[in-house]
Amino acid sequence: MYLSETKELTRAIEEITEVAKGFGLDFYPMRYEVCPADIIYTFGAYGMPTRFTHWSFGKQFHKMKLQYDLGLSQIYELVINSDPCYAFLLNTNSLIQNKLIIAHVLAHCDFFKNNIRFANTRKDMVESMTATAERIAHYEMVHGKEEVESFLDAILSIQEHIDPSIVRFNLPQKAAEDVEEGESYKKRGEYDDLWSLDQREKHSQKRKPKRQKKIPPSPEKDLLLFIEEYSRELEDWQRDVLTMMREEMLYFWPQLETKVMNEGWASYWHQRIMRELDLTSSETLEYAKLNAGVVQPSRTSINPYYLGIKIFEDIEERYNNPTEEMIRNGCEPNKGRDKIFEVREMESDISFIRNYLTKELVAKEDMYLFEKKGRDYRITEKDYLQIRDQLVTQRVNGGFPYITVENGDYLRNGELYLQHGFEGIELDIKYLEHVLPYIYQLWGRTVHMETVIEGKETLYSYDGKEMHKQRI
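Rules and cut-offs
- Residues numbered from 1 in each chain as written.
- Predicted model: local features only at pLDDT ≥ 70, side-chain atom pairs only at ≥ 80, totals over all residues.
- Heavy atoms only, no water.
- Helix = DSSP H or I, 4+ residues; strand = E, 2+ residues; numbered from the N terminus.
- Expected span 1.5 Å × (residues − 1).
- Buried < 20%, exposed > 50% of the residue type's maximum accessible area, 1.4 Å probe, protein only.
- Patch = residues over 30% accessible without salt bridge, like charges linked within 9 Å, V, L, I, M, F, W, Y side chains within 5 Å.
- Areas by Shrake-Rupley, 256 points an atom, 1.4 Å probe, with all protein chains shown as cover.
- Salt bridge = Lys/Arg side-chain N within 4 Å of Asp/Glu carboxyl O.
- Lys, Arg positive; Asp, Glu negative; His and termini not counted.
- Charge placed at Lys NZ, Arg CZ, Asp CG, Glu CD.
- Pairing = 2+ DSSP bridges.
- Axes fitted to C-alpha atoms, helices over the stretch in contact; angles between N-to-C directions.
- Contact = heavy atoms within 4.5 Å.
- Core = buried A, V, L, I, M, F, W, Y, C linked by side-chain atoms within 4.5 Å.
- Phe/Tyr/Trp six-rings, centres within 6.5 Å; stacked < 30°, edge-to-face > 60°.

In the annotation of an unreviewed UniProt entry, the chain is listed under the name SpoVR family protein and assigned to Oceanobacillus jeddahense.

Below is the structure:
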């Protein structure tokens, strides 16, 4: 980048930052880097600039870079949820492209800083992932690259199956029913146990048999944590790697929960900010083309940028001009801007769509459900509630199947029994048959998965050698 271009970009950053602050956006300190396509697409494939190496990231990089080389798609920027917040700009961007992107990433950063789902994410994750990469590289030197990579394959196959709850309780280390009476006595010296010998002998005469406690006592969603805590197969280094991988997924998870909101919020604000800038006619035309490419609706899928911005705009309009019913419920006119800031802070995609996608907006945007019948696509439903509920269903658990651990000692043999929370969408059986051996690798004993196939409860089991299927 030439010196004159650098000065123009610096001035644009300062101006846009000032406008964003004037609108009330609250973001971390920003760090901007201008990078070539190879670097941008490497970061895009890895998810972070400092992440550990793995063949799957290289595969993703090749796919993304090929699409860029063929002109099929292009990443203009990447923004990292951290403090300070890092934004990487493609070095082939024009100045007006960078202006739009700067406005966009400032709103993303505001969302990262203020949305409740991101409250517990580590803000030093760039440094943390650097340390993780170094430790994994060390394990590769000690245990061999193939063994470590094979273990990473197993973890990455189920990495989305964590519990990202803002508040959660730790798994029990030992069930209360399994603790023998008198076991709370703590030994302090080498012979202290002799002083309580009489008491323990009396006690042993009336001791009742211990009841077997089911592990976990209730269904456990965090499969990675359960394996980390209870697997008898893992070595110390493997447990360490599993812990680090779970920490990384907890960092990425809020972005899966707020895709529509986050992109809608960033798109809403880049439009407002760009309107405040003194653009030339040619810049205005270029911006209009770029913006249309970002927020245009699709006939066959949901564009999260478009859906998000339309809901935010609708919220602002309705709360600026409340109905009589809304006024009776305490709404004041011209409070739309305050309301969208409140929504940005408290909601995730599920509550955002369920609470704020109105019947009127569905009709205005001509939204519908469709399915492929033969070679043609046909509209199957235009009812508001059906459309809203389908959108909510697609966002449940980040769009991934809901799997829980039902029993970690199934058949009293240490086998792992998992259950799929079936809600009308069947598991991909080919994928399931590939993943169960990975879970077996982590658990060390037979793994079962209960699900529903063609309306019937079905159990898939893998014993280390063969896959078994049976109706239950």
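Asks: I'm lost on helix α10 (residues 259-275) in this one. Help?
Replies: Since the α-helix packs 3.6 residues into each turn, any two residues three or four apart lie on the same face. Given a rise of 1.5 Å per residue, 17 residues ought to cover 24 Å, and the 25 Å separating the end C-alpha atoms of α10 matches this to within 8%. With 15 of 17 residues buried, α10 is to be regarded as a mostly interior element.

Asks: Would you mind going over a negative patch on the surface with me for this structure?
Replies: Taken together, the side chains of Glu-147, Glu-233, Glu-235 and Asp-236 define an acidic patch exposed on the protein surface. Examined against the element boundaries, Glu-233 turns out to sit in the loop between α8 (223-230) and α9 (236-257). Using a relative accessible area of 46% as the deciding quantity, one classes Glu-233 as partly exposed.

Asks: Any chance you could explain unusual backbone geometry here in plain terms?
Replies: Most of the time, phi is negative for any residue but glycine, and the peptide bond is trans. Between Asp-83 and Pro-84 the backbone carries a cis peptide bond, its omega angle lying at 0°. Position of Pro-84 relative to the elements: it lies in the loop between β2 (77-80) and β3 (85-90). The peptide bond linking Ile-215 to Pro-216 adopts the cis configuration, its omega dihedral lying at -5°. Inspection of the secondary structure assignment puts Pro-216 in the loop between α7 (197-205) and α8.

Asks: What is the right way to look at the sheet that holds β3 in this model?
Replies: Pairing between the strands of a sheet comes from backbone hydrogen bonds, and it takes one of two forms, parallel or antiparallel. Strand order across the open sheet formed by 3 strands is β1-β3-β2, with mixed pairing between neighbours. The sheet terminates laterally at β1 (30-35) and β2, the two strands that pair on one side only. Between one strand axis and the next, the sheet turns by 15° as a mean value, whatever way the strands run. Across 4 bridges, β2 lies against β3 in antiparallel orientation. Pairing of Ile-80 across the sheet is with Tyr-86, part of β3. Strands β1, β2 and β3 of the sheet are contacted by helix α2 (residues 37-46), whose axis makes an angle of about 135° with β3. Together, β1, β2 and β3 form the strand contacts of helix α4 (residues 95-114), whose direction differs from that of β2 by roughly 20°.

Asks: Can you walk me through the environment of Lys-213 in this structure?
Replies: In this fold, Lys-213 is placed in the loop between α7 and α8. Each C-alpha atom, one on Lys-213 and one on Asp-409, is 9.8 Å from the other, the two residues being 196 residues apart in sequence.

Asks: Would you mind going over the sheet that holds strand β10 (residues 467-471) with me for this structure?
Replies: Taken in spatial order, the 5 strands line up as β6-β7-β8-β9-β10 in an open sheet, and their pairing is mixed. Edge strands, defined here as strands with exactly one partner in the open sheet, are β6 (403-410) and β10. For this sheet the average axis-to-axis angle between neighbouring strands, irrespective of direction, equals 25°. As paired strands, strand β9 (residues 456-462) and β10 are joined by 5 bridges and run antiparallel to one another. Looking at β10, one finds that Thr-458 is bridged to Arg-471.

Asks: How should I be thinking about the nonpolar core in this particular structure?
Replies: For soluble globular proteins, nonpolar side chains are generally found buried alongside one another. By size, the foremost hydrophobic cluster in this structure holds 61 residues, and its most contacted members are Leu-25, Met-30, Tyr-32, Trp-265, Phe-352 and Leu-357. Of all the elements, α4 adds the most residues to this core, at 11 residues. Residues in contact with Trp-265, not counting those within four places in the same chain, are Leu-25, Ala-107, Asp-110, Phe-111, Phe-312, Ile-340, Phe-341 and Arg-344.

Asks: What exactly am I supposed to notice about the packing of aromatic side chains here?
Replies: One pair of aromatic rings is described through two measures. These are the centre distance and the angle between the planes. Taken as a whole, this structure holds 24 aromatic pairs when the rule is applied. A ring pair is formed by Phe-352 and Tyr-356, whose centres lie 6.5 Å apart and whose planes are at 45°; its orientation type is tilted. Taken together, the residues Phe-352 and Tyr-356, both in helix α15 (residues 349-356) and 4 residues apart, mark about one turn of the helix. With respect to class, Phe-352 is no different from Tyr-356; both count as buried.

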